[in-house]
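What the coordinates show
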Amino acid sequence: MRYQESARGADCFLIQSHTAPINKWIMEQLIMIDALKRASARSITVIVPFYGYARQDKKHRGREPISARLIADLMKTAGADRILAVDLHTDQIQGFFDGPVDHLFALPLLADYVGAKVDRDKLTVVSPDAGRVRVADRWCDRLGAPLAIVHKRRDKDVANQVTVHEVVGDVKGRICVLVDDMIDTGGTICAAADALFAHGAEDVIVTATHGVLSGPAADRLKNSKVSEFVFTNTLPTPNELELDKITVLSIAPTIASAVREVFEDGSVTSLFDEQ
């Protein structure tokens, strides 16, 4: 590949999301970074709406890689000066890159959309597991809604094979919004929604920044009782999932505002001060 215009002395912003096939798009981005570096760009900001391999941010078992760190190292070696990403799977990924990392949030976009659609007096924000409680709590602050948690545990009476979902919080007769950073196969989030309906929820809306939507996700979302799934366009939505119950919001204005702040030496943090 070759850039068709001069990049000498320019502040360059290179955007690419790591969608499937993920290794192809990561490698292409690395090559583009290298080309800009060799073309004497003054600065290179890598915009990654969806950061590939973000879930592998630590060793869960022996002999496993820390792939999220490897991606950061590869970008730095290729010549990136700064990374700009949306809703990283864990905050610690920011420390993997030896340089500035601007962490953007889709929460204002998603929360304002949901808040404008439903009766807030009946709204309950729900975390699908203990790991998302902090994010769900920010939703509660923005929408003025109570919090509930879906707690997942193993049923010891059934040979540790059946998962029991316990709901902590009042969801009966409530409109529940399940919040997560990404949905991959859809198994966890659909099971959490079923648990909410079983505990008397009037309706369930699911929101997530990244719609990975791989494998059985299409069938699970189609067959779910969830009334609406709301994603951003950090990743393309598969054609088989162009359903009436799926809404895709554009993250472009959020990224554009962050790019302006970076270019003008402003404050990216100020964009999210309301949180």
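You'll find the structure just up there.
This structure is a prediction, so every number in the text was calculated from the model and none was measured.

**What about the environment of L107?**
Within the fold, L107 resides in helix α3 (residues 107-117). Sequence-wise, L107 and V135 are 28 residues apart; in three dimensions their C-alpha atoms are separated by 8.6 Å.

**Points about the side chain of E228**
Within the element layout of this structure, E228 appears in strand β10 (residues 228-232). Within the local environment of E228, its side chain forms a polar contact with the side chain of Y113, the two groups lying 2.6 Å apart. Aside from chain neighbours lying at most four places away, what touches E228 is Y113, K117, V204, I205, V206, K245 and T247.

**A word on the side chain of S67**
Within the secondary structure layout, S67 lies in helix α2 (residues 67-78). Classification of S67 as buried rests on a relative accessible area of 12%. Apart from the residues within four sequence positions on either side, S67 is in contact with Y53 and Q56.

**Considering a nonpolar patch on the surface**
Together, M1, M27 and I31 give the surface a local cluster of nonpolar side chains, amounting to about 320 Å² of exposed area. With respect to the helices and strands, I31 occurs in helix α1 (residues 22-38).

**Quick word on the nonpolar core**
L104, L123, V125, W139, V177 and I255 are the most contacted members of the largest nonpolar core, which has 30 residues in total. Of all the secondary-structure elements, those providing two or more residues to this core are β3 (82-86), α3, β5 (123-127), α4 (133-143), β8 (175-183) and α7 (252-263). Setting aside its immediate chain neighbours within four residues, V177 contacts V114, L123, T124, V125, V126, W139, I205 and T207. Counting 28 residues, the second-largest nonpolar core is a separate cluster that includes A148, I183, I189 and F229.

Conventions used here
Residues numbered from 1 in each chain as written. Predicted model: local features only at pLDDT ≥ 70, side-chain atom pairs only at ≥ 80, totals over all residues. Heavy atoms only, no water. Helix = DSSP H or I, 4+ residues; strand = E, 2+ residues; numbered from the N terminus. Polar contact = N/O pair within 3.5 Å; in protein donor to acceptor, adjacent residues only side chain to side chain. Contact = heavy atoms within 4.5 Å. Buried < 20%, exposed > 50% of the residue type's maximum accessible area, 1.4 Å probe, protein only. Patch = residues over 30% accessible without salt bridge, like charges linked within 9 Å, V, L, I, M, F, W, Y side chains within 5 Å. Areas by Shrake-Rupley, 256 points an atom, 1.4 Å probe, with all protein chains shown as cover. Salt bridge = Lys/Arg side-chain N within 4 Å of Asp/Glu carboxyl O. Core = buried A, V, L, I, M, F, W, Y, C linked by side-chain atoms within 4.5 Å.

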